[in-house]
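What follows is the residue order along each chain.
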Amino acid sequence: MTDSNTELNIPAPTEISNELNSDTPIMAFAQLQLAAPLARAVSEMGYESMTPIQAQAIPVVITGKDVMGAAQTGTGKTAAFSLPLLHRLLKHENSSTSPARHPVRALVLLPTRELADQVAQQVKLYAKYTNLRSAVVFGGMDMKPQTLELKRGVEILVATPGRLLDHIEAKNAVLNQVEYVVLDEADRMLDIGFLPDLQRILSYLPKQRTTLLFSATFSPEIRRLANSYLQNPVTIEVARANATASTVEQHFYSVPEDEKRHALHQILKSRGMKQAFVFVNSKLGCARLARTLEREGLKTTALHGDKSQDERLKALEAFKKGEVDLLVCTDVAARGLDIKDVPCVFNFDIPFNAEDYIHRIGRTGRAGAAGLAVSFVGGNNDARLVGDIEKLIKTKIELEAVEYDEDAPDIRKQGRINDGRRMYSHDGDDSGGDNGRTGGRTGRGDSSRATRDDTYTTRAPRAPRGDYSRPVQAARDPFFDKPYEPKAVGEAAAAPSWEASAKPASRSISANIKHKVKVAALFRSE
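Residues numbered from 1 in each chain as written. Predicted model: local features only at pLDDT ≥ 70, side-chain atom pairs only at ≥ 80, totals over all residues. Heavy atoms only, no water.

> Hey, could you run me through the nonpolar core in this one?
Soluble globular proteins tend to bury their nonpolar side chains together. Residues V119, I156, V158, L212 and F214 are the most contacted members of the largest nonpolar core, which totals 46 residues. Apart from residues no more than four positions distant in its own chain, V158 is found in contact with V108, L110, A116, V119, A120, A135, V136 and V137. (Core = buried A, V, L, I, M, F, W, Y, C linked by side-chain atoms within 4.5 Å. Buried < 20%, exposed > 50% of the residue type's maximum accessible area, 1.4 Å probe, protein only. Contact = heavy atoms within 4.5 Å.)

Laid out in structure tokens, this is it:
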């Protein structure tokens, strides 16, 4: 199979505009005339019409040009680079079992483990009717299975930068025949400090290659990276830079910190939401919020960087299957995760980086579906962060107030979470805790003492302790109850009891010297 443009019913690169306007027709996948194995896989996955980024990027990538593509999350960037790469790599397809016949031809780099695993699954689905091999390597997992897979030979390698460098140093991955490099979510890789790793990885690659860079946002740092490693790239922007999806309904609510959980419950109930992402800024806050929401009756799981990779994958799988209602997570889940039919995203904490807001709300409203993004604005620092978001998306943000139902229980009045210790209400009423008491603390003085006495009298009787009860105290010695009796004049004082009971030494020799033992003689003396 050749890689010429004559096989594809697509416009020439010079006819492709850098921005897609409303008059640009959306092409169907059938018009691409992809190779039969790829067309069959695409048809089985239900793909019919291409998204704007796919309609513009696929024809350009087919020609072998470098691409710098920007599109909102959830618009199909994975298929935009995967399908043309597989189409061009079919010329290397073979059924040989020799690893030497399956060198790495395409390298896809991503910032997070979850995103790498998701992209690898998509690539396998696209290439399932071909003989092209693919593999994924990322941290948090044992290297041995990954090493065995690399040793068998793969054409498409999906990886995170850190683990890929480990395999390169161990000589498990040889990249001297790479023809295509994809940097997906490149801005995120720069944000988390992967630039030195990227530079090292790119130094192992051949100079003549096709480089594709895809991201939801274009920052000055990204443009500098593109200028360094891309050769005359075709810039494709199907939407205004740093724009949010038009299908996502955005609301910013002014909510104090101690009322955020109450507001979360209220919005979930009023909107009838079954599932949602809840984003926080810290790993510790993520774990605490997940535990608290779980105690309040919501099926919740946490996803953050301190969890093992196995725990993170299980949390994602449970959320995809609908086994949990809320996925409380940090920004580790803000990039590229494609979970269908998630109706809502909550920004429990306003992100420190304004660009992360675009990625967070991109978890909903995917593939043209409607979505809801709710952000809780608390203290003064949140107001500054909201201002940064306004500058980025170039939209005025109006703060709203949450309307609570009168009959809804106030989460704030439930007091401290009972973890085995006593729990009291905040207001001092008789709504108390669940520790068997009917009331709580009211204050100090006689009234509070009386209240506590009444409260303790209504406690449920304790079960007998059995053998664990306190031992009975021994009877007092009557000698110590007698009054003091002074001695008569001239009467000799009796020796103290401890001196009287002392035994006199039986001998003057040392106690360490043993007595001689008489032993019967076995011989006769003369």
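After that view, the rundown keeps rolling.
> What exactly am I supposed to notice about the sheet that holds strand β10 (residues 300-303) here?
Sheet strands pair by backbone hydrogen bonding; their relative direction is either parallel or antiparallel. The seven strands lie next to each other as β10-β11-β9-β12-β13-β8-β14, forming an open sheet whose pairing is parallel. The open sheet terminates on both sides in strands that have one partner only, identified here as β10 and β14 (399-400). Pairing of strand β8 (residues 248-254) with strand β13 (residues 371-377) involves seven bridges; the strand directions are parallel. Paired with S254 across the strands is V377, a residue of β13. (Pairing = 2+ DSSP bridges. Helix = DSSP H or I, 4+ residues; strand = E, 2+ residues; numbered from the N terminus.)

> What's the story with helix α11 (residues 260-271) in this structure? I'm lost.
Since one α-helical turn is 3.6 residues long, residues separated by three or four positions face the same way. With twelve residues, α11 should reach 16 Å at 1.5 Å per residue; the first-to-last C-alpha distance of 16 Å fits that figure. Taken residue by residue, α11 has K260, H262, A263, L264, H265, Q266, I267 and L268 as its buried positions. Once α11 finishes, G272 follows within two positions and takes phi at roughly 65°, a positive value. (Expected span 1.5 Å × (residues − 1).)

> Would you mind showing me how to read the environment of S203 here?
Tracing the chain through its elements places S203 in helix α9 (residues 195-203). Along the chain, S203 and L175 lie 28 residues apart, while their C-alpha atoms are 9.9 Å from each other. A polar atom in the side chain of S203 sits 2.4 Å from the backbone oxygen of R200. (Polar contact = N/O pair within 3.5 Å; in protein donor to acceptor, adjacent residues only side chain to side chain.)

> What is the right way to look at the packing of helix α4 (residues 77-89) against helix α5 (residues 113-126) in this model?
Angle between the axes and distance between the axes: these two values describe a pair of packed helices. The interhelical angle for the contact between α4 and α5, taken along N-to-C directions, is 45°, at an axis separation of 10 Å. Considering the angle they form, α4 stands oblique to α5. Two packed elements cross with a definite hand, and for α4 against α5 that hand is right-handed. Of α5, the residues touching α4 (which contributes T78, A79, F81, S82, L83 and L86) are V119, Q122, V123 and Y126. (Axes fitted to C-alpha atoms, helices over the stretch in contact; angles between N-to-C directions. Parallel < 35°, antiparallel > 145°, perpendicular 65-115°, else oblique. Left-handed = near helix turned anticlockwise from the far one by under 90°.)

> Whenever I open this one, the packing of aromatic side chains confuses me. Can you help?
Remark: the centre distance and the inter-plane angle together describe each pair of aromatic rings, the angle taken between the planes. Under the counting rule described, the total for this entry stands at eight aromatic pairs. Measuring from ring centre to ring centre gives 5.1 Å for F277 and F319, while their planes differ by 55°; the resulting arrangement is tilted. Of the two residues, F277 is situated in strand β9 (residues 276-279) and F319 in helix α13 (residues 309-320); the sequence distance between them amounts to 42 residues. Each residue in the set F29, Y47 and Y126 is aromatic and connected to the rest through ring pairs, giving one cluster. Above the plane of the ring of Y129 lies R40, whose end atom (NZ or CZ) is 3.8 Å from the centre. Directly above the aromatic system of F348 lies the positively charged group of K260, at a separation of 5.6 Å from the ring centroid. (Phe/Tyr/Trp six-rings, centres within 6.5 Å; stacked < 30°, edge-to-face > 60°. Lys NZ or Arg CZ within 6 Å of the ring centre and 35° of its normal.)

> Can you help me understand unusual backbone geometry in this one?
What is expected of a backbone is that most residues other than glycine have negative phi and most peptide bonds are trans. Positive phi is not limited to glycine here, since K171 has a value of about 60°. In this structure K171 comes out as exposed when scored by relative accessible area, which is 67%. Residues other than glycine seldom take positive phi values, yet E185 does so here, at roughly 55°. Among the secondary structure elements, E185 is positioned in the loop between β5 (180-184) and α8 (186-191). The buried category is assigned to E185, whose relative accessible area is 2%.

> Looking at this structure, how should I read α4?
For α4, with 13 residues, the first-to-last C-alpha span of 19 Å sits near the 18 Å given by 1.5 Å per residue. With 13 of 13 residues buried, α4 lies mostly within the body of the structure.

> Would you take a moment to explain the pairing of β5 for this structure?
Extensive coverage of β5 is indicated by the burial of five of its five residues. Taken together, the four bridges between strand β2 (residues 106-109) and β5 define a ladder with parallel strand orientation. What sits directly across from A106, in β5, is Y180. Across five bridges, β5 lies against strand β6 (residues 210-215) in parallel orientation. Bridge pairing links L183 to L213 in β6.

> I keep staring at the side chain of Q146 and nothing clicks. Help me out?
With respect to the helices, strands and loops of the structure, Q146 is situated in helix α6 (residues 143-152). Reaching out from Q146, the side chain makes a polar contact with the side chain of R163 at a distance of 3.2 Å. Contact partners of Q146, with chain neighbours within four places excluded, come to V136, V137, F138, M141, R163 and H167.

> I'm lost on the pairing of strand β12 (residues 344-347) in this one. Help?
A regular strand places its side chains so that they alternate between the two faces of the sheet. Residues C344 and F346 line one face of β12 and the alternating positions V345 and N347 line the opposite face, and both faces are buried. Strand direction decides the pairing type here: β9 and β12, joined by three bridges, are parallel. Directly across from F277, in β12, lies its bridge partner V345. Taken together, the four bridges between β12 and β13 define a ladder with parallel strand orientation. Each residue of the ladder has a partner; that of N347, found in β13, is S375.

> Just to check I follow, could you spell out the pattern of salt bridges for this structure?
When the charged atoms of two side chains lie near each other, side chains of opposite charge can form a pair. This model, assessed by the stated rule, comprises 18 salt bridges. Among the ionic pairs, E257 bridges to K260, the shortest N-O distance being 3.1 Å. Taking relative accessible area as the criterion, K260 reaches 0% and is therefore assigned buried. A cluster of three or more residues bridged by salt bridges with shared partners is formed by E257, K260, D349 and D382. (Salt bridge = Lys/Arg side-chain N within 4 Å of Asp/Glu carboxyl O.)

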